[in-house]
Amino acid sequence: MNALVPLPVLLPLCVTGLKLAIGPRLHRLQRFISIAVLGAVLVLSVLLMVAADRHGPLSVHLGDFAPPVGITLVADRLAGLMLTVSSAVTLLVLVYSLGQGMADRDDQAPVGVFHPAYLILVAGVSCTFLAGDLVNLYVGFEIMLVASFVLLTIGGTATRIRAGSTYVIISLFSSVLFLVAIAMTYAVAGTVNLAQLAQRLQEVPLGVRTLLEAMLLTVFAIKAAVFPLAAWLPDSYPTAPAPVTAVFAGLLTKVGVYSMLRTQTLLFPGHRLGDLLMLAALASMVVGILGAVAQTDLKRVLSFTLISHIGYMVFGIALAGHGSISGAIVYVAHHITVQTTLFLVAGLIERRDGTTELTRLGGLARAAPLLAVLFFVPAMNLAGIPPLSGFIGKLGLMRAGIDAGGAWAWALVAGSAATSLLTLYVMAKVWNLAFWRDAPPGAEEEGVVLESAEDDEPGDDEEGNDEEGGGATGSPEPTGPSEPTGSPEPTGSGRAAGSGKAAGSGKAAGSGSDLPVPAGAVVAAGFLGQSITTTKRLPWPMLAATGAAVALGLSYTVLGGPLTTFTQAAATELLARTPYIEAVLGR
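Residues numbered from 1 in each chain as written. Predicted model: local features only at pLDDT ≥ 70, side-chain atom pairs only at ≥ 80, totals over all residues. Heavy atoms only, no water.

Check the secondary structure of the chain and you find 20 helices and eight strands. Per-residue burial over the chain gives 62% buried out of 587 residues. Long-range contacts, defined as pairs at least 24 residues apart, comprise 80% of the intrachain contacts of the chain with a sequence gap of at least 6. Carbon together with sulfur atoms contributes 65% to the accessible area of the chain, which is approximately 20,700 Å² in total. (Helix = DSSP H or I, 4+ residues; strand = E, 2+ residues; numbered from the N terminus. Buried < 20%, exposed > 50% of the residue type's maximum accessible area, 1.4 Å probe, protein only. Contact = heavy atoms within 4.5 Å. Areas by Shrake-Rupley, 256 points an atom, 1.4 Å probe, with all protein chains shown as cover.)

Okay, structure coming up:
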């Protein structure tokens, strides 16, 4: 079984080479290979999780080089659970992206670009979860950085390049800081292997150990978007296409949380920075949810709730008790799935109505009841309504805070309750504006072509691009007299979705051009920021993938008992440290 440990990393990387060799040809084969590979990774992840639960941590030394020389990969309960959840989510997002037509039927962004980058991203995520040393953890982060920059900036629109550049600059800063921390760790301990560090760091002077802990926490807090190191996230994620935003928001920030959880329990037991972590957790919860309350664009609302709910996970890590660690693990698994689902629903709304600006939406509960259900269930799950999994995770964390006692713990319990109530308020606000009330005057009708900053100047007779089957770009075919085939007349009251800026000045938001923005226009609606035609008939793969994500989130509620038992065993294993060390060092 140990031989299976490297496969979640190696399989996507090897297939990426094959897909690059195929290039933009053979689209059906490309799609089949991608789905087959991610399906295989999911099966492998489940096998590793079950094996780690039954037999303890699994480890492998690549090249049969023992630590500290060789690369060590370790799959324990925590890594197995994270691999399983992330593999399921990435598979569903891929199916969603195929339905949208992302990189499948567009000559400017062929499958030869999107799919290899996506598989490399999956390999990087798997590498971080399985990494048994700090260098390999760094390599996993860098693999994700390279792939994520490609995915964020596909199409090369000004808005995406600007957002992607911000993301890369912040990520490179954290990478440099990570390298410095690795170098200092090796200088004082003579190894970067996590199992060996767990033994040797206890002999390092307390001041040096605290400095190393602070540096690593800073690196991982940037990756996880913990306040006050989260300012980059709300402006970076919403500009990307819906599937990319979904997998980034749902998964990539949790890689930072996982790294914090792993290093704090294994390398720094009884850490001295617990109070600082509690402060960061409380600030993330409060500032994030207040930011969400102030937003009127759905994607930005979800981005700020993401920051807020990262605070719950840091809450559990900061308390460092058995119950809090178990609750944090439950909440990580829950939040990966629910946050991804909500961003997928946002993509469906944008595909149907051409905007995620809440002031321009309405009547969706009556017009699209299935879409309303797909939003309502994960929204209530995120708010922590009993008996959903969000409630299970929050209850575990709050009970752990009450048991721990102390001023900071009680402050976090109160902050958690207030954040949960405000999350419910935010979700109710979205529901009332987008789904429950009547559609506002001037809302876009079916078949309206929405322009972007990259379209031709107004007055041209060229027809806007259509997306056949929910995603292919090309010249639209008229579907009837009710479908306009040119650019809609610009209105001074229009707003560019995702920008939060009024277009009354006649400028395309985020473009710097003189192109007027029509009412309800979306600067980054298409995969390349190109024009799309709104449609009431959403592609079935997008609906199926979103429905499966909703079902996955509900499965955590149905399997709440076994899930809690598993996470409690994982917490025991993490706090004991001995099973991990013995699996790697063999003693």
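Attention shifts here to the environment of V139. Locating V139 in the fold gives a position in helix α5 (residues 134-153). Overall, the relative accessible area of 34% leaves V139 in the partly exposed class. Separated by 11 residues in sequence, V139 and T128 place their C-alpha atoms 8.0 Å apart.

Throughout the structure, instances matching the rule amount to nine cavities of 30 Å³ or more. Roughly 150 Å³ of internal volume is contained in the largest cavity. M144, Y167, S171, K223 and L252 are the residues nearest the centre of the largest cavity, which is lined by 13 residues in total. Going through the elements one at a time, α5, α6 (158-189), α8 (206-224) and α10 (242-266) are the ones with two or more residues in the lining of the largest cavity. The class makeup of the residues in the lining of the largest cavity is 10 nonpolar, two polar and one charged. (1 Å grid on protein atoms, 1.4 Å probe; cavity = no way out; pocket = protein on both sides within 12 Å on 5 of 7 lines; lining within 4 Å. Points joined across faces, edges and corners; volume = space filled by probe spheres on them. Nonpolar A, V, L, I, M, F, W, Y, C, P; charged D, E, K, R; others polar.)

A few words now on the confidence of the model for the chain. Summing up the model confidence of the chain, the mean pLDDT is 80 and the portion of residues at 70 or higher is 81%. pLDDT under 50 marks residues 446-531. Its contacts with residues more than four places away, or in other chains, come to 196 contacts. (pLDDT = per-residue confidence, 0-100.)

This part is about the pattern of salt bridges. What the rule picks out here adds up to six salt bridges. Note that R262 is salt-bridged to D76, the shortest N-O span being 2.7 Å. A residue pair is termed long-range when its members are at least 10 positions apart, and R262 in helix α10 and D76 in the loop between β2 (71-75) and α3 (77-100) qualify at 186 residues. You'll find R262 and D76 in the same group, each marked buried. Here R352 and D353 are joined by a salt bridge, their closest N and O atoms 3.1 Å apart. Given a relative accessible area of 7%, R352 falls into the buried group. In this structure, a network of salt bridges that share partners links the residues D53, R77 and E573. (Salt bridge = Lys/Arg side-chain N within 4 Å of Asp/Glu carboxyl O.)

Attention now goes to α8. In an α-helix, one turn spans 3.6 residues; hence positions three or four apart end up facing the same way. With 19 residues, α8 should cover 27 Å at 1.5 Å per step; its first-to-last C-alpha distance of 26 Å lies within 8% of that length. Immediately downstream of α8, the backbone of A225 shows phi near 60°, a positive value. (Expected span 1.5 Å × (residues − 1).)

So, about helix α15 (residues 369-383). With 15 residues, α15 ought to run about 21 Å at 1.5 Å a step, and its terminal C-alpha atoms sit 21 Å apart, in line with that. Inspection of α15 places L371, A372, L374, F375, P378, A379, M380, N381, L382 and A383 among the buried residues, and these make up the whole buried set. Along its buried surface, α15 packs onto α12 (298-319), α13 (322-353), α14 (364-367), α16 (389-404), α17 (407-436) and α18 (540-558).

The subject of this paragraph is the nonpolar core. Among the nonpolar cores identified, the biggest contains 174 residues, and Y118, L151, F178, Y237, F248, F375 and M427 are the most heavily contacted of them. Here this core gets 16 residues from one element, more than from any other, and that element is α13. (Core = buried A, V, L, I, M, F, W, Y, C linked by side-chain atoms within 4.5 Å.)

Attention now goes to a nonpolar patch on the surface. Taken together, the side chains of F227, V286, V287 and L290 present a nonpolar region at the surface, about 290 Å² in accessible area. Positionally, V287 belongs in helix α11 (residues 274-293). Of the residues examined, V287 reaches a relative accessible area of 38% and is grouped as partly exposed. (Patch = residues over 30% accessible without salt bridge, like charges linked within 9 Å, V, L, I, M, F, W, Y side chains within 5 Å.)

Moving on, we get to the packing of aromatic side chains. By the definition in use, this model includes 12 aromatic pairs. With centroids separated by 5.0 Å and ring planes inclined at 80°, the aromatic side chains of F129 and Y258 adopt a geometry described as edge-to-face. Of the two residues, F129 is situated in helix α4 (residues 111-130) and Y258 in helix α10; the sequence distance between them amounts to 129 residues. Each member of the pair, F129 as well as Y258, carries the same accessibility label: buried. The ring centre of F141 lies 5.1 Å from the NZ or CZ of K223, which sits over that ring. (Phe/Tyr/Trp six-rings, centres within 6.5 Å; stacked < 30°, edge-to-face > 60°. Lys NZ or Arg CZ within 6 Å of the ring centre and 35° of its normal.)

What follows covers unusual backbone geometry. With omega at 10°, the peptide bond leading from F227 into P228 counts as cis. P386 connects to P387 through a cis peptide bond whose omega is 0°. Mapping P387 onto the fold places it in the loop between α15 and α16. The phi torsion at A225 lies on the positive side, around 60°, for a residue other than glycine.

The subject of this paragraph is the pairing of β2. Here β2 lies mainly inside the structure; four of its five residues are buried. The sheet contact formed by strand β1 (residues 58-62) and β2 spans five bridges and is antiparallel. Looking at β2, one finds that L58 is bridged to A75. (Pairing = 2+ DSSP bridges.)

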